[in-house]
Amino acid sequence: MLLLLLVITALVVWAVNFRDGGGGNRADGPGGRTPVPSITPGPSASGPLNSSRPGGSVGGGSSDGGSTDGAGDSGATDGSSSGGDAGDTGGSGADGGAGADGGSASGGTDSSSGSGVSGSGGSGSGGGAQLPAGSSLPDCTSSSVTLSLRSEHNSYEPGEKPTFMLTATNSSGVGCKLDFGATAAVFTVSDVDDNHRWASDDCPRSRSGYLLQVPANSSTTYELRWDRSTSAPQCATPKVRTAPLGTYLVEARLPGFQPKQTSFVLKDA
């Protein structure tokens, strides 16, 4: 009986020990170590790592944007400044153009000298003092005044305007006046076949006189520029609008004086 009780007691002790040992194996990791608990990561940052750093954010995006903005501001400033300068320049240019259109007198002896009166297609200017209509200065005569005519150049390139100079030389000791108006001092251009190409009195813009003084023992030169356009008497329509290339004869006639002539060439480039 005692032996049976010892056997039962041993079985009970063994059963308790077996149960406690299995639970420990399940709680412990391999080798008896307790498993390390897992850590769940938090949300990752979606913005720039250091957005407050001078010079821009990661990748240089802000730096590029800053550069572009700076260029834009600079461009606006420069644009307004240059616009103002251009306006000033344009104004002065216009003033200069007006002066050029008015014509300047070369070799003039009086501030009143300037643009003369001539026909359509030509413009003239005198080098002597311009006189008012009805001036008491005596008219020049061929006994004391001689005329000469010359072309500024013997030939003219395309685009160049032929320029003619009619000079009155006074050999007397008394000043006189000559009328270089479009219908008084008549300039005529014709080709070598005597075909009429242009004349200052064909269709004049004005028939008013243009009186210039020829000082005593001195001379006065009247210049006429022809733009190569053609004309016909009494404002008729010419056969051609522009004078063709070739050799031409220009003649100047003033009442009481012998006509003066000279030749020139309109040549190709």
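Parameters and conventions
Residues numbered from 1 in each chain as written. Predicted model: local features only at pLDDT ≥ 70, side-chain atom pairs only at ≥ 80, totals over all residues. Heavy atoms only, no water. Helix = DSSP H or I, 4+ residues; strand = E, 2+ residues; numbered from the N terminus. Buried < 20%, exposed > 50% of the residue type's maximum accessible area, 1.4 Å probe, protein only. Areas by Shrake-Rupley, 256 points an atom, 1.4 Å probe, with all protein chains shown as cover. Pairing = 2+ DSSP bridges. Salt bridge = Lys/Arg side-chain N within 4 Å of Asp/Glu carboxyl O. Phe/Tyr/Trp six-rings, centres within 6.5 Å; stacked < 30°, edge-to-face > 60°. Disulfide = S-S within 2.5 Å. pLDDT = per-residue confidence, 0-100. Contact = heavy atoms within 4.5 Å.

**Q** I would appreciate a short explanation of the overall build of the protein in the present structure.
**A** A count of helical and extended segments in the protein gives 2 helices and 12 strands. Walking the protein from its N terminus toward its C terminus, one meets helices and strands in the order α-α-β-β-β-β-β-β-β-β-β-β-β-β. Across the 269 residues that make up the protein, the buried fraction comes to 30%. Of the roughly 16500 Å² that the protein leaves accessible, carbon and sulfur atoms contribute 54%.

**Q** Teacher, can you tell me more about the sheet that holds strand S12 (residues 260-266) here?
**A** With respect to topology, 5 strands assemble into an open sheet ordered S4-S12-S11-S7-S8, the strand pairing being mixed. Every other strand in the sheet has two partners, leaving strand S4 (155-156) and strand S8 (196-199) as the edge strands with one partner each. As judged from the 7 bridges shared by strand S11 (residues 246-253) and S12, these two strands associate in the antiparallel manner. Paired with Leu249 across the bridge in S12 is Ser263.

**Q** Looking at this model, I keep getting lost on the pattern of salt bridges. Mind explaining?
**A** When the charged atoms of two side chains with opposite charge come close together, those side chains can pair. In total, this model carries 4 salt bridges according to the counting rule given. Note that Lys267 is salt-bridged to Glu157, the shortest N-O span being 3.2 Å. One end of the pair, Lys267, is in the segment after S12; the other, Glu157, is in the loop between S4 and strand S5 (163-170), and 110 residues separate them in sequence. Given the relative accessible area of 32%, Glu157 is considered partly exposed. Its salt-bridge partner being Glu251, residue Arg253 comes within 3.2 Å of it at the nearest N-O pair. Judged by its relative accessible area of 34%, Arg253 is partly exposed.

**Q** Sorry, what's going on with the packing of aromatic side chains here?
**A** Taken as a whole and assessed by the stated rule, the structure comprises 9 aromatic pairs. Ring geometry for Phe180 against Tyr222: centres 5.1 Å apart, planes inclined by 15 degrees, an arrangement best described as stacked. Of this pair, Phe180 sits in the loop between strand S6 (176-179) and strand S7 (186-191) while Tyr222 is found in strand S10 (residues 219-226), placing the two residues 42 residues apart along the sequence. A residue is classified by how much of its surface remains accessible, and Phe180, at 1% relative accessible area, is buried.

**Q** I'm lost on the state of the cysteines in this one. Help?
**A** By definition, a disulfide links the sulfur atoms of two cysteine residues through a covalent bond. Applying the stated criterion across every chain yields a total of 2 disulfides. For Cys140, the disulfide goes to Cys176, at an S-S distance of 2.0 Å. One quick way to see it: the torsion about the S-S bond of Cys140 and Cys176 is about 95 degrees, and its sign makes the bridge right-handed. In this pair, Cys140 sits in the loop between strand S2 (130-131) and strand S3 (145-151) while Cys176 sits in strand S6, placing the two residues 36 residues apart along the sequence. Residue Cys140 is classed as buried on the basis of its relative accessible area, which comes to 8%. Taking the relative accessible area as the measure of exposure, Cys176 reaches 3% and is therefore buried. The residue that forms a disulfide with Cys203 is Cys235, at a sulfur-sulfur distance of 2.0 Å. On the sign convention where negative is left-handed, the bridge of Cys203 and Cys235, at about 95 degrees about the S-S bond, is right-handed. Separated by 32 residues along the polypeptide, Cys203 in the loop between S8 and strand S9 (211-214) and Cys235 in the loop between S10 and S11 bring together distant segments of the chain. Residue class for Cys235 comes out partly exposed when judged on its relative accessible area of 46%. In the protein, numbering the disulfide-bonded cysteines from first to last in sequence yields the connectivity 1-2, 3-4.

**Q** Sorry if this is basic, but what is going on with the sheet that holds S6 here?
**A** Sheets are built from strands paired through backbone hydrogen bonds, the pairs being either parallel or antiparallel. The sheet built from 3 strands is open, its strands ordered S2-S9-S6 with antiparallel pairing. Sheet topology places S2 and S6 at the edges, where each strand pairs with a single neighbour. Where S2 and S9 come together, 2 bridges link them in antiparallel fashion. When the bridges of S9 are listed, Leu131 appears paired with Leu211.

**Q** What am I meant to see in the pairing of S7 here?
**A** Successive side chains on a regular strand alternate, one facing one side of the sheet and the next facing the other. Of all 6 residues in S7, 6 are buried; the element is thus mostly enclosed. Of the two faces of S7, the one carrying Val186, Thr188 and Ser190 and the one carrying Phe187, Val189 and Asp191 are both buried.

**Q** Could you clarify how one ought to interpret the pairing of S11 in this entry?
**A** The sheet contact formed by S7 and S11 spans 6 bridges and is antiparallel. Pairing of Phe187 across the sheet is with Ala252, part of S11. Remark: 6 residues form the turn of the hairpin made by S11 and S12, two consecutive strands paired antiparallel; Gly256 in that turn has positive phi of roughly 90 degrees.

**Q** Whenever I open this one, the confidence of the model for the protein confuses me. Can you help?
**A** Low pLDDT means the predicted atomic positions in that stretch should not be read closely. Across the protein, pLDDT averages 72, with 57% of residues at or above 70. Confidence drops under a pLDDT of 50 for residues 22-114, and excluding neighbours within four residues, the segment shows 38 contacts in the predicted structure.

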